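Structural characterization, general
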Amino acid sequence: MELYRKIGVIGGGTMGRGIAEMLAKKGMDVQLIEQSEPLLASSLEQIQLSLDKQLEKWAITESEKKLILGKIHGSTDMNDLSDCNLVIESITENLEAKKTVFRQIDAVCPSDVIIASNTSTLSLTELAAATNNPERVIGMHFVYPVSKIDLVEIIRGMKTSDKTYTETLGFVTNSLEKTGIQVFESPGFVTTRLICLLINEAMHTLSEGVASAEEIDRAMRTGYQFNKGPLEMADRFGLDSVLAALEQMFREYGELKYRPSFMLKQMVHAGHLGVKTGQGFFKYDKDGDRL
């Protein structure tokens, strides 16, 4: 734990916030970077709301909440990452935007600091090529919700060193107390590739009128012991994120099974993105609970 006393997290969206909160709960100082002051303020507010919700359910105490918030430091200046022991990038799934961020991290952080990406579909080899030290670049793909799912996909790019992989696995196993699986680079890796196909097929099933959204999800929850059905999962991931992942895999693999459902495209175009907008396949309140 001592080795990783301060972690940089870039991007305060759903996943970035979840990662920052989880790291702070594990006792680490977190430097959260956002691209603007309004986005940073919104991100920190959402983390506080998340903790307040846990407080209401007696999952944490008021003193624990204060301790966690005290460990998360917000900034819009990438130079504030210079004293971090590890940096995790978690911005939007846009290759060029991520490459720009990786160049900035590479310039700011010492050459022995691992740079990890929480990407779910993009090439770690291509991201690493934007840096002067590609051997220290690795994928660290957390599964939503970060605090509850004890799995991290550790993705090796073409030039990721054994040392980088071993240290990352040690961090995931010992510091985060999660299960790390080694994945060799492939679009969608393991979890995104499989779950997006299930979600896409659930949408085809719904659009064909085979069963209602509620019944499809109930079938998978009850019949296969899923915690959430595939359509509610999509709502919680964000339908725009699911669409982006499917489109990326469709481009990379060229196989029709990855072509996004027309229903998914329609819903994204309508702005029905799931929990983040309060409306997806189901409706949600401001706390993200089903109505």
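Residue positions within a chain follow its written sequence, with the count starting from 1. Note on the predicted model: pLDDT of at least 70 is required for a residue's local features to be given, and 80 or more for side-chain atom pairs to be given and counted; whole-chain, interface and lining totals, by contrast, use all residues. To get the side-chain values, all heavy atoms of the structure are used, and hydrogens and water are removed first.

1. Quick notes on the overall build of the chain
Labels follow the DSSP assignment, with helices taken as runs of H or I lasting at least four residues and strands as runs of E lasting at least two, numbered in each case from the N terminus. If you tally the helices and strands in the chain, you get eleven helices and eight strands. Here the globule rule reads 2.2 Å times residues to the power 0.38, and the radius of gyration is calculated from C-alpha atoms. Compactness check: the chain gives a C-alpha radius of gyration of 19 Å against a globular reference of 19 Å for 291 residues, within 12% of the reference. Overall, the chain is about 55 × 45 × 35 Å in size when its C-alpha atoms are taken along their principal axes. In the chain, which comprises 291 residues, the proportion classed as buried is 47%. Of the contacts made within the chain by residues no fewer than 6 positions apart, 66% connect residues no fewer than 24 positions apart. The charge count treats Lys and Arg as positive and Asp and Glu as negative. His and the chain ends do not count. Charge positions are represented by NZ for Lys, CZ for Arg, CG for Asp and CD for Glu. Across the chain, 32 positive and 40 negative side-chain charges occur, with their mean positions spaced 2 Å apart. Classification of residues uses two cut-offs on accessible area relative to the type maximum, computed with a 1.4 Å probe and protein chains only: under 20% is buried, over 50% is exposed, and between them is partly exposed. Note on contacts: a residue pair is in contact if any heavy atoms of the two residues lie within 4.5 Å.

2. Quick word on the nonpolar core
Throughout, nonpolar core names a set of buried Ala, Val, Leu, Ile, Met, Phe, Trp, Tyr and Cys residues whose side chains join them through atoms within 4.5 Å. If you look at the biggest cluster of nonpolar residues, it comprises 31 residues, and the most contacted ones within it are Ile7, Leu23, Leu86, Ile88, Met140, Phe142 and Phe171. Broken down by element, the residue count for this core peaks at six residues, all from helix α1 (residues 14–25). Setting aside chain neighbours within four positions, we find Met140 in contact with Leu86, Ile88, Ala116, Ser117, Asn118, Val152, Glu153, Ile155, Thr168, Phe171 and Val172. One finds Met203, Leu206, Ala245 and Tyr258 within the second-largest nonpolar core, a separate group that totals 25 residues.

3. Here we look at the UniProt feature "domain: 3-hydroxyacyl-CoA dehydrogenase C-terminal" (unreviewed entry) in the chain
Taken from the UniProt record, the annotation "domain: 3-hydroxyacyl-CoA dehydrogenase C-terminal" (unreviewed entry) applies to residues 188–284. Between the C-alpha atoms that bound residues 188–284 there is a distance of 28 Å. The span itself is 62% helix and 0% strand. UniProt positions are given in the numbering used here, feature names are shortened, and annotations may be inferred rather than shown by experiment.

4. Comments concerning the side chain of Ser261
Along the polypeptide, Ser261 turns up in the loop between α10 (239–253) and α11 (262–269). Accessibility expressed as a relative area gives 1% for Ser261, which makes it buried. Dropping the residues within four chain positions of it, Ser261 is found in contact with Asn200, Met203 and His204.

5. Topic: the pairing of strand β1 (residues 6–10)
With five of five residues buried, β1 lies mostly within the body of the structure. What you see with β1 is no split at all: Lys6, Gly8 and Ile10 on one side and Ile7 and Val9 on the other are buried throughout. Classification remark: right-handed applies to a crossover when, strands pointing away from the viewer, the course from the first strand over the helix to the second runs clockwise. Read from β1 through α1 to strand β2 (residues 29–33), the crossover connection turns out right-handed. Pairing between two strands requires that DSSP report at least two bridges joining them. Judged from the four bridges that link them, β1 and strand β4 (residues 86–89) form a sheet pairing that is parallel. Following the sheet pairing, Val9 is matched in β4 by Ile88.

6. Things to note about the environment of Glu247
Residue placement: Glu247 occurs in helix α10. Exposure remark for Glu247: the relative accessible area of 29% places this residue in the partly exposed category. As for Glu247 and Asn94, which are separated by 153 residues in sequence, their C-alpha atoms are 12 Å apart.

7. Structural notes on the packing of aromatic side chains
Centres within 6.5 Å are what make two rings of Phe, Tyr or Trp a pair, Trp counting through its six-membered ring; a difference in plane orientation under 30 degrees is then read as stacked, over 60 as edge-to-face, and the rest as tilted. Within the structure shown, the criterion is met by three aromatic pairs. Residues Tyr4 and Phe171 carry aromatic rings whose centres are separated by 4.6 Å and whose planes lie at 55° to one another, so their mutual orientation is tilted. In this pair, Tyr4 sits in the segment before β1 while Phe171 sits in helix α6 (residues 162–175), placing the two residues 167 residues apart along the sequence. With respect to class, Tyr4 is no different from Phe171; both count as buried. Definition used: whenever NZ (Lys) or CZ (Arg) falls within 6 Å of the ring centre and also within 35 degrees of the ring normal, the charge is taken to sit over that ring. In this structure, Arg290 is placed above the aromatic ring of Phe282, and the distance from its NZ or CZ to the ring centre is 3.8 Å.

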